[in-house]
Amino acid sequence: MSLLLDDLLDVSRVTRGTLELRPEMTELAAVVDAAVETARPVIDGKRHRFSVTMPSEPVVFAADPLRLAQILSNLLTNAAKYTDPTGHIRLAASADAEQVTILILDTGIGMSDDALTRVFVMFSQVQSSQDRSEGGLGIGLALAKGLVELHGGVIEARSGGLGKGSEFTVQLPRRSIVTSERPLARIESAERACRRRVLIADDNCDAAESLAVLLRLDGHEVTVLDIGMPELDGYEVARQVRQRSMGRAVTLIAVTGWGQQADRTRALAAGFNHHFTEPIDPELISQLLQRDPRME
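Criteria and cut-off values
- Residues numbered from 1 in each chain as written.
- Predicted model: local features only at pLDDT ≥ 70, side-chain atom pairs only at ≥ 80, totals over all residues.
- Heavy atoms only, no water.
- Helix = DSSP H or I, 4+ residues; strand = E, 2+ residues; numbered from the N terminus.
- Buried < 20%, exposed > 50% of the residue type's maximum accessible area, 1.4 Å probe, protein only.
- Contact = heavy atoms within 4.5 Å.
- Areas by Shrake-Rupley, 256 points an atom, 1.4 Å probe, with all protein chains shown as cover.
- Expected span 1.5 Å × (residues − 1).
- Polar contact = N/O pair within 3.5 Å; in protein donor to acceptor, adjacent residues only side chain to side chain.
- pLDDT = per-residue confidence, 0-100.
- Core = buried A, V, L, I, M, F, W, Y, C linked by side-chain atoms within 4.5 Å.
- Axes fitted to C-alpha atoms, helices over the stretch in contact; angles between N-to-C directions.
- Parallel < 35°, antiparallel > 145°, perpendicular 65-115°, else oblique.
- Nonpolar A, V, L, I, M, F, W, Y, C, P; charged D, E, K, R; others polar.
- Salt bridge = Lys/Arg side-chain N within 4 Å of Asp/Glu carboxyl O.

Participant: Where do I start with the overall build of the chain in this structure?
Facilitator: Helices and strands together make up the secondary structure of the chain, namely nine helices and 11 strands. The buried share of the chain, reckoned over its 296 residues, is 43%. When contacts within the chain are restricted to residue pairs at least 6 apart in sequence, long-range pairs at least 24 apart make up 68% of them. About 15900 Å² of surface is accessible on the chain, with carbon and sulfur atoms providing 51% of the total.

Structural data, given as structure tokens:
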């Protein structure tokens, strides 16, 4: 739970632009060693074969070593969790004068084309991998993407399909420290943000509490409610809220697994102002809370 909260806090800081990197001249092999040490219990626990291929010469470049190790350990842990016991995981690194490239490949459950489009979205998990998630919320890959982009790099996912393993590629610019260079991370003042009173109603307690943590970090006052009610569904709740005088000025946001146009139409007809399909990027909710005129 402590590690999960750390990841939630980090991904919130990344999306809000308040996470500051501490770049220094970093030796790639040392970062890989640290990442492997963190992921090793999960790899060994599932009896995977694990191999590492590194450049023959030392690779030194400007990066935040702790955050870079966090990126790689998240990718390795993800590969280990979603690969059946006695699988094979491989990390291969290369470098030229312009960039550093790190590949993490596994023989795991793989991903469909649809899953590949959502793999870096918060709270997203491959449908066929739910029984392998071991309590995860789909945060690690979203955080890895944010940290890679703060370094000025790119992360990509590929797979031959379900059952055919996955490949993650991290490409980072090979820069040197320049004393006049500004920090790589963008820092913004949170004081400009609007403050809202938010009620989150969901029967998925983990997802609700996770979203609540992120919104509280933005300064909002958040209450969480389990919407698993035996007599009322979300549509009827919306209709009853709209019938009350105090409820007419409330902004209602539907976040649901039903994403057809008919579902959107039904939600709006019931009284919802906005309709989003799961999994939703919490940054979209954060942006909506900042700009929606109905919340002023």
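Participant: What am I meant to see in helix α3 (residues 65-81) here?
Facilitator: For α3, spanning 17 residues, the distance from its first C-alpha to its last is 24 Å, which sits close to the expected 24 Å at 1.5 Å a residue. Burial analysis of α3 places 14 of its 17 residues in the buried class, which makes it a mostly covered element. Capping of α3 at its N-terminal end is provided by Asp64; its side-chain oxygen lies 3.1 Å from the backbone amide nitrogen of Leu66.

Participant: For this particular structure, what's the right way to read the confidence of the model for the chain?
Facilitator: Atomic detail in the predicted coordinates should be set aside for any region of low pLDDT. Residues at a pLDDT of 70 or more form 81% of the chain, whose mean pLDDT is 81. When the criterion is pLDDT under 50, residues 180-192 qualifies, and its contacts beyond four places in sequence or with other chains add up to 20 contacts.

Participant: Could you clarify how one ought to interpret the environment of Asp33 in this entry?
Facilitator: Positionally, Asp33 belongs in helix α2 (residues 28-45). Looking at Asp33, the relative accessible area reads 53%, which means it is exposed. Sequence-wise, Asp33 and Val52 are 19 residues apart; in three dimensions their C-alpha atoms are separated by 9.8 Å.

Participant: Mind showing me how you'd approach the nonpolar core here?
Facilitator: Note that soluble globular proteins tend to have their nonpolar side chains buried in a common cluster. Among the nonpolar cores identified, the biggest contains 48 residues, and Ile71, Leu75 and Leu76 are the most heavily contacted of them. Residues contacting Leu75, with those up to four places away along its chain left out, are Ile104, Leu141, Ala144, Ile155, Phe168 and Val170. Formed by nine residues, the second largest nonpolar core is a distinct cluster that contains Ile200, Ala212, Val222 and Ile285.

Participant: Explanation requested: the packing of helix α7 (residues 234-243) against helix α8 (residues 261-270) in the structure shown.
Facilitator: Axis angle and axis distance: for two packed helices, these are the angle between their axes and the distance between the axes, and together they describe the pair. At a minimum axis distance of 8 Å, the contact between α7 and α8 shows a crossing angle of 30 degrees. The angle between the axes of α7 and α8 places the two elements in the roughly parallel class. Across from Tyr235, Ala238, Arg239 and Arg242 in α7, the residues of α8 making contact are Asp263, Arg266, Ala267 and Ala270. For the contact of α7 with α8, the class distribution of residues is four nonpolar, no polar and four charged.

Participant: Would you explain the side chain of Ser73 in this entry?
Facilitator: Structurally, Ser73 is set in helix α3. For Ser73, a relative accessible area of 7% gives the class buried. The contacts of Ser73, once residues within four sequence positions are left out, are Ala35, Thr38 and Ala39.

Participant: Got a minute to help me understand the pattern of salt bridges in this structure?
Facilitator: Any two side chains of opposite charge can pair, given that their charged atoms come close. Counted by the stated rule, this structure contains seven salt bridges. For the salt bridge of Arg40 with Asp44, the shortest nitrogen-to-oxygen distance reads 3.5 Å. Highlighted residues: Arg40 and Asp44, both in helix α2, separated by four residues, approximately one helical turn. Accessibility expressed as a relative area gives 44% for Asp44, which makes it partly exposed. A salt bridge links Glu149 to Lys145, with the nearest nitrogen and oxygen atoms 2.5 Å apart. Pair noted here: Glu149 and Lys145 are both in helix α5 (residues 140-150), with a separation of four residues, about one helical turn. Judged by relative accessible area, Glu149 falls into the partly exposed class, the value being 43%. By relative accessible area, Lys145 is classed as partly exposed at 27%. In the salt-bridge network here, residues are joined through shared partners; they are Glu156, Arg158 and Glu167.

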